[in-house]
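# Coordinates in review
Residues per chain are reported as follows:
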Amino acid sequence: MIDFPTWAVAGFWGLVSGSALLLGAAVGYFSHVPQRLIAAVMAFGSGVLISTLSFELMEEAYEKGGFDSTAIGFVGGAAVYTLANWLLARHGAKHRKRSGKHQSQERTAVQQGQKEASTAGDDNGMALAIGALLDGIPESIVIGLSMLAGGGVSVAAVVAIFMSNLPEGLSSAAGMRKAGRTPTYVLSLWAGIALISGLASLAGYSLFSGFSAEVVAATTAIAAGAVLAMIADTMIPEAFEVAHNFTGLITVVGFLVSFVLSKIGG
């Protein structure tokens, strides 16, 4: 049996979780997935991620670096994400996870607000890509960081990130189709982001394997804070807009599934 180096394994699992973006994008673009189903998957993925943040990432960060490193990193990650998300929202990526008419309306608004429509359309597409990276990179780094302790991947983390990426690809691709994006554009965009997700996971392990426990703890907390801010800012609002009163129940089920996986894996 071939014994692959841990950094390669980290990159592989990051690519696996990121591949959900491409899978979801293909399904969302070429088929008409009901928006209620997309919202339900997004709510479920939110619960899975919240559980993983609570019982794995934050606990691990606290054990390695104590309260100070964990708290500063957690709030700092959320603050950086919020600032970047606010800037992207001003340039056409506010509704990047939406599957309805929001993206086409947003793209038109951005174009009307610029002197040249072609330049605005390019800016909007770039904002969507950067926004997807903003959501995906912290999640992928988490996978690499989770392997620092014993070299084994956190099954709960991979499942959580896969489940959160799937509805993002679904909803964003469906919205991009309605906004007039071509299949080549959409699939190339998400394939590139999936690849970067794998590289981010590899970097999460390789770059931080030689750092102190405090630095690793702070980095883990930064990623956790960014992911939680992403869930609150984008995933849950999108899920609630469509699923309404069922959002909470579906999110709780996702939380429970992730909790069970973490206990089985532990």
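Residues numbered from 1 in each chain as written. Predicted model: local features only at pLDDT ≥ 70, side-chain atom pairs only at ≥ 80, totals over all residues. Heavy atoms only, no water.

## Regarding the packing of helix H1 (residues 6–30) against helix H6 (residues 183–206)
Here H1 crosses H6 at 160 degrees, and the two axes come no closer than 7 Å. Here H1 is positioned roughly antiparallel relative to H6, judged by the angle of their axes. Between H1 and H6 the crossing geometry is right-handed. Considering only residue class, the contact of H1 with H6 consists of 19 nonpolar, 9 polar and no charged. (Axes fitted to C-alpha atoms, helices over the stretch in contact; angles between N-to-C directions. Helix = DSSP H or I, 4+ residues; strand = E, 2+ residues; numbered from the N terminus. Parallel < 35°, antiparallel > 145°, perpendicular 65-115°, else oblique. Left-handed = near helix turned anticlockwise from the far one by under 90°. Nonpolar A, V, L, I, M, F, W, Y, C, P; charged D, E, K, R; others polar.)

## Considerations on H1
Given 3.6 residues per helical turn, the α-helix brings residues three or four places apart onto the same face. For H1, spanning 25 residues, the distance from its first C-alpha to its last is 36 Å, which sits close to the expected 36 Å at 1.5 Å a residue. Along its length, H1 reaches its greatest deviation from straightness, about 25 degrees, at Ser17. Those residues of H1 lying buried are Ala10, Gly11, Gly14, Ser17, Gly18, Ala20, Leu21, Gly24, Ala25, Gly28 and Tyr29. (Expected span 1.5 Å × (residues − 1). Bend = angle between axes of the 7 residues up to and from the residue. Buried < 20%, exposed > 50% of the residue type's maximum accessible area, 1.4 Å probe, protein only.)

## Here's the deal with a nonpolar patch on the surface
The grouping of Phe246, Leu249, Val253 and Val257 at the surface amounts to a nonpolar patch, some 370 Å² of accessible area in total. Assignment of secondary structure puts Val253 in helix H8 (residues 247–265). Residue classification places Val253 among the partly exposed positions, given a relative accessible area of 40%. (Patch = residues over 30% accessible without salt bridge, like charges linked within 9 Å, V, L, I, M, F, W, Y side chains within 5 Å. Areas by Shrake-Rupley, 256 points an atom, 1.4 Å probe, with all protein chains shown as cover. Salt bridge = Lys/Arg side-chain N within 4 Å of Asp/Glu carboxyl O.)

## Looking at the UniProt feature "transmembrane region" (unreviewed entry) in the protein
The UniProt feature table records "transmembrane region" (unreviewed entry) at residues 6–30, 37–58, 70–89, 141–164, 184–208, 215–236 and 242–261. Counted over residues 184–208, helix gives 92% and strand 0%. Its end C-alpha atoms are 36 Å apart. (UniProt positions renumbered as here; feature names shortened; annotations may be inferred.)

## Section: the side chain of Ser201
In this structure, Ser201 sits in helix H6. The residues touching Ser201, leaving out its near neighbours within four places in the chain, are Ala10, Gly11, Gly14, Ser140, Ile141, Ile143 and Gly144. (Contact = heavy atoms within 4.5 Å.)

## A look at helix H7 (residues 213–243)
Residue Ile231 marks the point of greatest curvature in H7, where the axis turns by about 40 degrees. Downstream of H7 by a residue or two, His244 has a phi angle that is positive, lying close to 55 degrees.

## Considering the environment of Ile196
Following the sequence through the fold, Ile196 ends up in helix H6. Classification of Ile196 as partly exposed rests on a relative accessible area of 33%. Sequence separation between Ile196 and Leu15 is 181 residues, and the spatial gap between their C-alpha atoms is 8.0 Å. The contact partners of Ile196, leaving out residues within four places of it in the chain, are Leu133 and Ile137.

## Regarding the side chain of Ser197
Along the chain, the position of Ser197 falls in helix H6. Residues within four places of Ser197 in sequence aside, it is in contact with Gly14, Gly18, Leu21 and Ser140.

## What about the environment of Glu241?
Relative to the helices and strands, Glu241 is located in helix H7. Sequence separation of Glu241 and Ala39 is 202 residues, and the distance between their C-alpha atoms is 8.1 Å.

## Quick notes on the pattern of salt bridges
All told, the structure shown has 1 salt bridge when counted by the stated rule. Of the charged contacts, one joins Lys64 and Glu60 as a salt bridge, the two residues approaching to 3.0 Å between their closest N and O atoms. Taken together, the positions of Lys64 and Glu60, both in helix H2 (residues 35–89) and 4 residues apart, correspond to about one turn of that helix.

## A few points about the packing of aromatic side chains
Per the stated rule, a full pass over the model turns up 4 aromatic pairs. With 5.2 Å between their ring centres and 70 degrees between their planes, Phe12 and Trp13 make a pair best called edge-to-face. According to the relative accessible area criterion, Phe12 is partly exposed, its value standing at 47%. Using a relative accessible area of 28% as the deciding quantity, one classes Trp13 as partly exposed. (Phe/Tyr/Trp six-rings, centres within 6.5 Å; stacked < 30°, edge-to-face > 60°.)

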